[in-house]
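Geometric and topological summary
Letter by letter, the chains look like this.
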Amino acid sequence: MITARAAATFEPVGRSVATARAFVRDTLQGWGFAEVVDDAVVLTSELVTNAVVHAGTAADVQCLRYESAVRIEVADRYPERELPLHDAKKQIHPDHEGGRGLLLCSALAARWGVEYTPANKHVWFHLDLPQRPAGTRSAGPALPAAALPLADEQVRVAVVQVDRAGIITRWNQDAAELFGHPDEQIVGKPLGDLAAWPQTPGTGHGIAEALLLSRWEGSYGVRGADGRIMPVYGTHLRVRDTSGEPSTVCLLVREDARAVLQNPGRGGGVSADGGMDRGKAADPFESFIGSPAPDDLDGLLQRTVERARDMLDGDAAYLLLATDDETELEVRASTGLPSARQRFARVPVEAGTGRYGSARMPAVHEDLTAVPGAVPLLAGTGMRSVITVPLKVEGRLTGSLGVAAETPGRYSNEEALRLQFAADRIALAVESARLTELERLRRGSLSFLVEASDLLAGTLERDQTLALMAQMTVPTLASWCAVYTIADQASEPELAFVLHEDEDRIDGIKALLSRLAPPRPDPTPGARVWTAPSDAAHSTALRASLRSLGLGEAGRPAAGPGTALATAAAVGGETVVLPLVARNRVIGMLTLGRAADERFRQEILELAEDLSRRAALALDNARLYSERTAISQSLQRSLLPPGLPVIPGVEVEVVYRAAGEGNEVGGDFYDVFPIRDGCWGFAIGDVCGTGPEAAAVTGLARHALRLLAREGFSGPSVLERLNAAILDEGSRSRFLTLLYGELWPQADGSAELKVVCAGHPLPLRLRQTGAVEPAAEPQPLLGVIEDLELVEQNVTLAPGDVLLCVTDGVTERREGTRMLGDDGLADVLATCTGLTAGAVAARIQRAVERFASDAPSDDMAILAMRVPELPA
């Protein structure tokens, strides 16, 4: 029993085929017969082609709806042109134009036939709807084996369960086989550590968001045990256990086996009894776009251009969206054109050369060769005629829709009105989807910039800053990135860092850019296009290909073109340069590139410009910090002794650590130097405080000690004159504790010392027996009082004895209320019997470091002198 009928007549012209396809698609979608739309459109296209092209008559198309099937009839006005009816598969060759529609009817339709009348010839076919048992949400028809999707001989489905925090709790055997990670190594780790999630900021869910959705389906990558990224197709389902605890179950297969998990598109709702809900009439938007409508902007735009092309039987179609100020149009979707090359291309609306002059009003161009440049997007594509209509919302231009054909004079004002009517139906939906995408992008951009600022502010190392700049742009903003730096205004830009999303391409890009002249430094804000990398890469690839064919320059080896072609593909898209400007000076350039035939979208360029400003300031801060650190360290190194002298019969070892990042010299200091033949001086001291101010007094003390000692002054006289020099510094003076001594090695293997200890921790003597005792008496420190009376004390080091001198950074090492102290130091030294001077100093250092868990907060100096034992 027929429940609905729709009919239309189409003129005997080529474009009627596309119009008939659209008529059948819209009719069946409106009836809720989405399962058979594709087969019906294919069969209708072939039968209408037979009528309007081969028979040369008008075609009458009638769609009949039944409860469980649909019947479509195509009639022409040429009954004398008979069609083979018996054993069509044997009588009609597949490559033969005539009768091919019958082969398709035989393969796709449940029943078909041909009926002749004196005036007409009817070809009809029945398409049965698949059975829908109660509870079935979606089902497909039974297919022959040759039509089934391909899969591996053994299909592995990884089952991964993730808790509310994103931590893997279950990892089945197929997951271990697919990715190489055994479950005992992977359970307990975040899924995000393994997932390579392709995402542009603001334009999609991250993996953390996707795991919180009730359902999610799509493609991403998983890093295997070998470090490689395996593309997978996954479906996620959010569940809860009996206690109410939520988790996510992820089913993953290899990308090429996605048919195992991928859900088919569903057209129409399912009623409570399992049948299709056909009572609702499709609105004008769904009549053009089809049902279900795509829920993302790119899908909506792509469906729009495909339907527009079919509606007007065009060879190509495209859709452009206007920028916020309506000054430019950006290509967002196309069909029948080299879409990868055209996507995100930008053209001006009305100003400048090559303007897109027909954006605000419908326009028909009968022959583009007569008006070259009228539609810049179609230059060089072979298109001759084109219709363009605006997309407007509340009178504001939001985009432009165009349909083009390769033959001139194809379109008239009537087709322009039809296309404009369709554009009016979708304009509001397109603008709404565009604004939603723009809002997501802006939110994502803000989050991206905040994170980038935190990362850049977290380091003052120049090389690390360069690496961060590149890693933040690849692959989020670009396929590859190169950073040039400029040392000063007189220097040429220098290639400092190169990164590509595929590590195997980095060396090729670096070699290519090294051969090119760097881009010209220009402080003008914004991105500017740089064509040199793409041109050079394609030229190199062409020469390599010619050499591989034996057509290159004489004497050149016929190297394989694989590397050159790969590099050309990697950098063959749009390349832009953004200046790195800090403190009104260009300090470098950030170069971003896309893969072959790809362009940047305007929002990405604006985000990159914001990033470049932050990166420039971070890079300049790192440069200033590096310069000042180098100067500081150079000056500090000049305050340290040039080296330890070799003293016959005495081992000498020093350990020195200055507190504070970047400090090589602090308030503690040491020195060992020759005074005269057979006599050496040694000193270890501690200036009040740390940092550069303390280091200044350190330099004064060390140089004064050497000068005064070599002038023949005794130990007390040396320290008294040093005390006067410190007090002469006035407000810059700082008090100083100092242990100074003179050493004379003796012929019997011992050593005689004269020591003055001015407010410094007392030196300790370790005897061969293991006994530890102070080797001097305490006296007043320097830099406090003017009249000092100091005395020196004599010490004898027998063979095997050790003299240990330290600063208070050793004895005052703390852990909470505990302190190492003089007694603790003596206990450690007592364990050093028989050790060399170097081993003694190292053991003391380890004891200080291990005494507390925190890093030492004070300067530390250790001076160990040992008289070796006499040979037996």
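1. So, a nonpolar patch on the surface
- There is a patch of nonpolar side chains on the surface, built from Phe735, Val784 and Ile785 and spanning about 250 Å² of accessible area.
- Looking at where Ile785 falls in the secondary structure, it is placed in the loop between strand S29 (772–774) and strand S30 (793–797).
- Given a relative accessible area of 40%, Ile785 falls into the partly exposed group.

2. Some words on the pattern of salt bridges
- Here the structure, examined in full by the defined rule, presents 29 salt bridges.
- The partner of Arg258 in a salt bridge is Glu255, with the nearest N and O atoms 2.6 Å apart.
- Residue classification places Arg258 among the partly exposed positions, given a relative accessible area of 28%.
- Among the residues examined, Glu255 registers a relative accessible area of 22% and is labelled partly exposed.

3. Some thoughts on the sheet that holds strand S5 (residues 121–128)
- Ordered in space as S1-S2-S3-S5-S4, the five strands form an open sheet in which the pairing is antiparallel. Pairing within the sheet leaves two strands with one partner each, and these edge strands are strand S1 (4–10) and strand S4 (111–116). In this sheet, adjacent strand axes meet at a mean angle of 15 degrees when their direction is disregarded.
- Note: strand S2 (residues 59–65) against strand S3 (residues 69–76), six bridges, orientation antiparallel. The residue bridging Gln62 from the neighbouring strand is Glu73, located in S3.
- Against the sheet, helix H1 (residues 16–31) touches S1, S2 and S3, its axis set at about 170 degrees to S1.
- Lying on the sheet, helix H2 (residues 37–55) is in contact with S1, S2, S3 and S5; it crosses S5 at an angle near 175 degrees.

4. Looking at the side chain of Asp522
- Note on placement: Asp522 falls in the loop between helix H13 (506–515) and strand S20 (528–529).
- When its relative accessible area of 17% is taken as the criterion, Asp522 is described as buried.
- A polar contact of 2.8 Å, which involves the side chain of Asp522, links it to the side chain of Thr524.
- Not counting residues up to four positions away in its chain, the partners in contact with Asp522 are Arg528, Pro579 and Val586.

5. A look at the environment of Ala852
- Mapping Ala852 onto the fold places it in the loop between helix H21 (837–851) and strand S34 (860–866).
- Classification of Ala852 as buried rests on a relative accessible area of 7%.
- When the C-alpha atoms of Ala852 and Arg813 are compared, they prove to be 7.6 Å apart, with 39 residues separating the residues in sequence.
- Non-local contacts of Ala852, meaning those with residues more than four positions away in its chain, are made with Arg813, Arg814 and Glu815.

6. Looking at the nonpolar core
- Counting residues in each nonpolar core, the largest one holds 50 residues, and the members touching the most others are Met469, Leu513, Leu580 and Leu592.
- Top contributing element to this core by residue count: helix H16 (residues 602–637), with nine residues.
- Excluding residues that lie within four positions of it along the chain, Met469 makes contacts with Leu456, Val483, Leu580, Leu590 and Ala615.
- Counting 32 residues, the second largest nonpolar core, distinct from the first, contains Phe10, Phe23, Val41 and Ile72.

7. A look at H2
- For H2, spanning 19 residues, the distance from its first C-alpha to its last is 25 Å, which sits close to the expected 27 Å at 1.5 Å a residue.
- The sharpest bend along H2 reaches about 25 degrees and sits at Thr49.
- In the stretch just after H2, Gly56 is the one whose phi turns positive, near 75 degrees.

8. Concerning the sheet that holds strand S9 (residues 215–223)
- With antiparallel pairing, six strands are arranged side by side in an open sheet as S7-S6-S11-S10-S9-S8. In this open sheet, the two strands that pair with only one neighbour each are strand S7 (168–171) and strand S8 (195–196).
- Bridge count between strand S6 (residues 158–163) and S7: three bridges; the pairing is antiparallel. Of the residues in S7, the one forming a bridge with Val162 is Ile168.

9. A look at a negative patch on the surface
- Together, Asp728, Glu786, Asp787 and Glu789 give the surface a local cluster of negative charge.
- Within the secondary structure layout, Glu786 lies in the loop between S29 and S30.

10. Re the pairing of strand S18 (residues 480–485)
- Of all six residues making up S18, six are buried, and the element is well covered by its neighbours.
- What you see with S18 is no split at all: Trp480, Ala482 and Tyr484 on one side and Cys481, Val483 and Thr485 on the other are buried throughout.
- One ladder, built from six bridges, connects S18 with strand S19 (residues 494–500); its direction is antiparallel. Bridge pairing in S19 places Val483 opposite Phe497.
- Summarising the sheet, S18 and strand S22 (residues 585–593) pair through six bridges and their orientation is antiparallel. Considered in S22, the bridge of Cys481 is made with Leu592.

11. Digging into the packing of helix H20 (residues 821–830) against H21
- As a packed pair, H20 and H21 sit with axes 10 Å apart at the nearest point and diverge in direction by 135 degrees. Between H20 and H21, the angle is such that the two are oblique. Here H20 runs over H21; the crossing is right-handed. For the pair H20 and H21, the contacting residues are Leu825, Val828 and Leu829 in the first and Val840, Arg843, Ile844 and Ala847 in the second.

12. Notes on unusual backbone geometry
- Cis geometry marks the peptide bond from Val474 to Pro475, where omega comes out at 0 degrees.
- You can see Pro475 is positioned in the loop between helix H12 (462–473) and S18.
- Phi angles above zero are rare outside glycine, and Asn584 is one such case at about 60 degrees.
- Checked against the element boundaries, Asn584 lands in the loop between strand S21 (575–582) and S22.

13. Describing the confidence of the model for the protein chain
- Mean pLDDT over the protein chain works out to 80, with 83% of the residues at or above the 70 mark.
- Across residues 554–560 the pLDDT falls below 50, and counting only partners more than four positions away or on other chains, this stretch makes six contacts in the model.

14. Regarding the side chain of Arg332
- Among the secondary structure elements, Arg332 is positioned in strand S13 (residues 328–335).
- At 3.1 Å, the side chain of Arg332 and the side chain of Asp298 are in polar contact.

Calculation notes
- Residues numbered from 1 in each chain as written.
- Predicted model: local features only at pLDDT ≥ 70, side-chain atom pairs only at ≥ 80, totals over all residues.
- Heavy atoms only, no water.
- Patch = residues over 30% accessible without salt bridge, like charges linked within 9 Å, V, L, I, M, F, W, Y side chains within 5 Å.
- Areas by Shrake-Rupley, 256 points an atom, 1.4 Å probe, with all protein chains shown as cover.
- Salt bridge = Lys/Arg side-chain N within 4 Å of Asp/Glu carboxyl O.
- Helix = DSSP H or I, 4+ residues; strand = E, 2+ residues; numbered from the N terminus.
- Buried < 20%, exposed > 50% of the residue type's maximum accessible area, 1.4 Å probe, protein only.
- Pairing = 2+ DSSP bridges.
- Axes fitted to C-alpha atoms, helices over the stretch in contact; angles between N-to-C directions.
- Contact = heavy atoms within 4.5 Å.
- Polar contact = N/O pair within 3.5 Å; in protein donor to acceptor, adjacent residues only side chain to side chain.
- Core = buried A, V, L, I, M, F, W, Y, C linked by side-chain atoms within 4.5 Å.
- Expected span 1.5 Å × (residues − 1).
- Bend = angle between axes of the 7 residues up to and from the residue.
- Lys, Arg positive; Asp, Glu negative; His and termini not counted.
- Charge placed at Lys NZ, Arg CZ, Asp CG, Glu CD.
- Parallel < 35°, antiparallel > 145°, perpendicular 65-115°, else oblique.
- Left-handed = near helix turned anticlockwise from the far one by under 90°.
- pLDDT = per-residue confidence, 0-100.

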